[in-house]
Amino acid sequence: MGKTTSPPGLQIRVITRGGDWLGPGKAAILEGIRDTGSIAAAGRAMGMSYKRAWGLVEVLNQMFAEPLVVSSRGGPEGGGAAVTATGLMGWAAPLAAAG
């Protein structure tokens, strides 16, 4: 059986002082949240569970002094999520390089 390979390309990861990193995958969940206004919808679009998507958001928010994603609980008005200005800056560099 042949090995599946990715086409050659450039991937950039932003590494924080604590050793955490923000690469194309975490940038993609930020992009999905920005586009859909929902952590669950962004996760589904990436083929991941709601729990996994929430876990990534928690990790992302802990990596920086300011949160990258803010969310509100569902209810009569519905919940939602938004990428903050800090999150937009964090999302831009790895995604632009990967694109």
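Refer to the preceding data block for the structure.
Residues numbered from 1 in each chain as written. Predicted model: local features only at pLDDT ≥ 70, side-chain atom pairs only at ≥ 80, totals over all residues. Heavy atoms only, no water.

What follows is about the nonpolar core. Within the largest apolar cluster, 16 residues are counted, with the highest numbers of intra-cluster contacts made by Ile29, Leu30, Ile33, Ile39, Leu60 and Val69. Breaking this core down by element, the ones donating at least two residues are α1 (24-36), α2 (39-45), α3 (50-63) and β4 (80-83). A total of five residues in this core trace back to one element, the largest contributor, which is α3. Apart from the residues lying within four places of it in its own chain, the contact partners of Ile29 are Ala42, Gly43, Met46, Met48, Ala53 and Leu60. (Core = buried A, V, L, I, M, F, W, Y, C linked by side-chain atoms within 4.5 Å. Buried < 20%, exposed > 50% of the residue type's maximum accessible area, 1.4 Å probe, protein only. Helix = DSSP H or I, 4+ residues; strand = E, 2+ residues; numbered from the N terminus. Contact = heavy atoms within 4.5 Å.)

Bringing the pattern of salt bridges into the picture now. This model, assessed by the stated rule, comprises two salt bridges. As a salt-bridge pair, Arg34 and Glu31 come within 4.0 Å of each other at their nearest N and O atoms. Residue Arg34 and its partner Glu31 are located together in helix α1, separated by three residues, close to a single helical turn. We classify Glu31 as partly exposed; its relative accessible area is 26%. Arg34 serves as the salt-bridge partner of Asp35, at 2.7 Å between the closest nitrogen and oxygen. Taking relative accessible area as the criterion, Asp35 reaches 52% and is therefore assigned exposed. On the basis of relative accessible area, Arg34 is assigned to the partly exposed category, the value being 37%. Beyond isolated ion pairs, a larger network of salt bridges with shared partners links Glu31, Arg34 and Asp35. (Salt bridge = Lys/Arg side-chain N within 4 Å of Asp/Glu carboxyl O.)

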